[in-house]
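Here is what each chain is made of, one letter per residue.
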Amino acid sequence: MSLNPGDGRLGFLIAGAQKCGTTTLDAYLRSHPGLEMAGMKEVHFFDEEVAVDWRDPDYGPLHSHYSGGLERLRGEATPITLYWTPAHWRILRYNSDMRFIFMLRDPVERAWSHWRMNIRRGLDHLPFAEAIRAGRLRVLEDPLQSGLARHSSYIERGLYGRQVAWLTTLFPLENMLVLRQDDLATRPDQVLERVSGFLAVAPFAPVEPLRLNVADDDGLGTMSEEDRDYLRTIFQPDLARLKTLTGVAFDAFEEG
């Protein structure tokens, strides 16, 4: 199957992870004349649990976010996709040759950023120390998807190795491009060169570095060393798994 199906279907997804620079990558991709991103970031089609009948899905609402011709490669950025495992089967049925781009960062810092965002938005009330310990049981509260949580999954979304390994049971590893947020921030042209090669499109024109969706000082202080060490212990084996699968590693864990 061609990378560009040519029938209106999407050929690639920025599928994760939340708080890892997906907004910036989405903005860069919108500048490429050979790519068409959805009219809005985070369409949340494949992780929709109520409005879509997944026994006989209507892809019209998804395709309605595109207005250009079929000659451009279509993509979309919904960063919960990597974590939301029910979406993986739905994507397989939609396009069995889908390409996935993952933007990742140190999962300890990702968890802290996720919690701060939720506090600012009024989506959580627990202190960080409690949210990453007893608060993890909140993933059991959703009657539709017990074991998954859209807002309180501070640790679960950072288990990249487990999530990528699961996705490889449905899609080949060569359909996945794993990038680091730090590299996009410091070497965007090099990262975008990898993206264009992966998507088989012309190279990007040189870009001006972007910093989007960066939170201002919110008065929430800094993470305690106790919480940092606790999270490092949890994430260490999973990141070793990610490195074995993809070669991608994070300096803070390599130094340990």
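Residues numbered from 1 in each chain as written. Predicted model: local features only at pLDDT ≥ 70, side-chain atom pairs only at ≥ 80, totals over all residues. Heavy atoms only, no water.

Q: Just checking my understanding: could you explain the overall build of the protein chain for this structure?
A: Broken down by element type, the protein chain carries ten helices and five strands. Since a compact globule built from 256 residues should have a radius of gyration of about 18 Å, the 18 Å found for the protein chain is in line with a globular shape. Overall, the C-alpha framework of the protein chain stretches about 50 × 45 × 35 Å when taken along its three principal axes. Going through the 256 residues of the protein chain one by one, you find that 51% of them count as buried. For the protein chain, the exposed area adds up to about 12,000 Å²; of that, 51% sits on carbon and sulfur atoms. If you average the places of the 29 positive and of the 37 negative side-chain charges in the protein chain, the two averages end up 1 Å apart. (Helix = DSSP H or I, 4+ residues; strand = E, 2+ residues; numbered from the N terminus. Rg over C-alpha atoms; globule rule 2.2 N^0.38 Å. Buried < 20%, exposed > 50% of the residue type's maximum accessible area, 1.4 Å probe, protein only. Areas by Shrake-Rupley, 256 points an atom, 1.4 Å probe, with all protein chains shown as cover. Lys, Arg positive; Asp, Glu negative; His and termini not counted. Charge placed at Lys NZ, Arg CZ, Asp CG, Glu CD.)

Q: Please clarify how the nonpolar core should be interpreted in this entry.
A: Buried together is how nonpolar side chains tend to be arranged in soluble globular proteins. If you look at the biggest cluster of nonpolar residues, it comprises 77 residues, and the most contacted ones within it are Leu25, Leu29, Phe100, Phe102 and Leu199. Excluding residues within four positions of it along the chain, Phe102 makes contact with Ala15, Gly16, Leu82, Val164, Leu167, Met176, Leu177, Val178 and Leu179. (Core = buried A, V, L, I, M, F, W, Y, C linked by side-chain atoms within 4.5 Å. Contact = heavy atoms within 4.5 Å.)

Q: Sorry, what's going on with the packing of helix α1 (residues 22–29) against helix α8 (residues 188–199) here?
A: Relative orientation and spacing of two packed helices are given, respectively, by the angle between their axes and the distance between those axes. One way to put it is that α1 packs onto α8 with a least axis distance of 12 Å and a crossing angle of 70°. By the angle between their directions, the pair α1 and α8 is classed as roughly perpendicular. In this structure, α1 meets α8 at a crossing whose hand is right-handed. Note on element contacts: α8 touches α1 through Pro188, Leu192 and Val195, opposite Leu25, Tyr28 and Leu29. Considered class by class, the residues forming the contact of α1 with α8 number six nonpolar, no polar and no charged. (Axes fitted to C-alpha atoms, helices over the stretch in contact; angles between N-to-C directions. Parallel < 35°, antiparallel > 145°, perpendicular 65-115°, else oblique. Left-handed = near helix turned anticlockwise from the far one by under 90°. Nonpolar A, V, L, I, M, F, W, Y, C, P; charged D, E, K, R; others polar.)

Q: Quick question: what am I supposed to make of unusual backbone geometry here?
A: The bulk of non-glycine residues show a negative phi, and the bulk of peptide bonds are trans. With an omega of -10°, the peptide bond between Gly16 and Ala17 qualifies as cis. Mapped onto the secondary structure, Ala17 falls in the loop between β1 (12–16) and α1. Non-glycine residue Lys19 carries a positive phi angle of around 65°. Relative to the elements of secondary structure, Lys19 occurs in the loop between β1 and α1. With a phi close to 65°, Glu42 is a non-glycine residue in the positive phi region. Take Glu42: it is sitting in the loop between β2 (35–37) and α2 (60–63).

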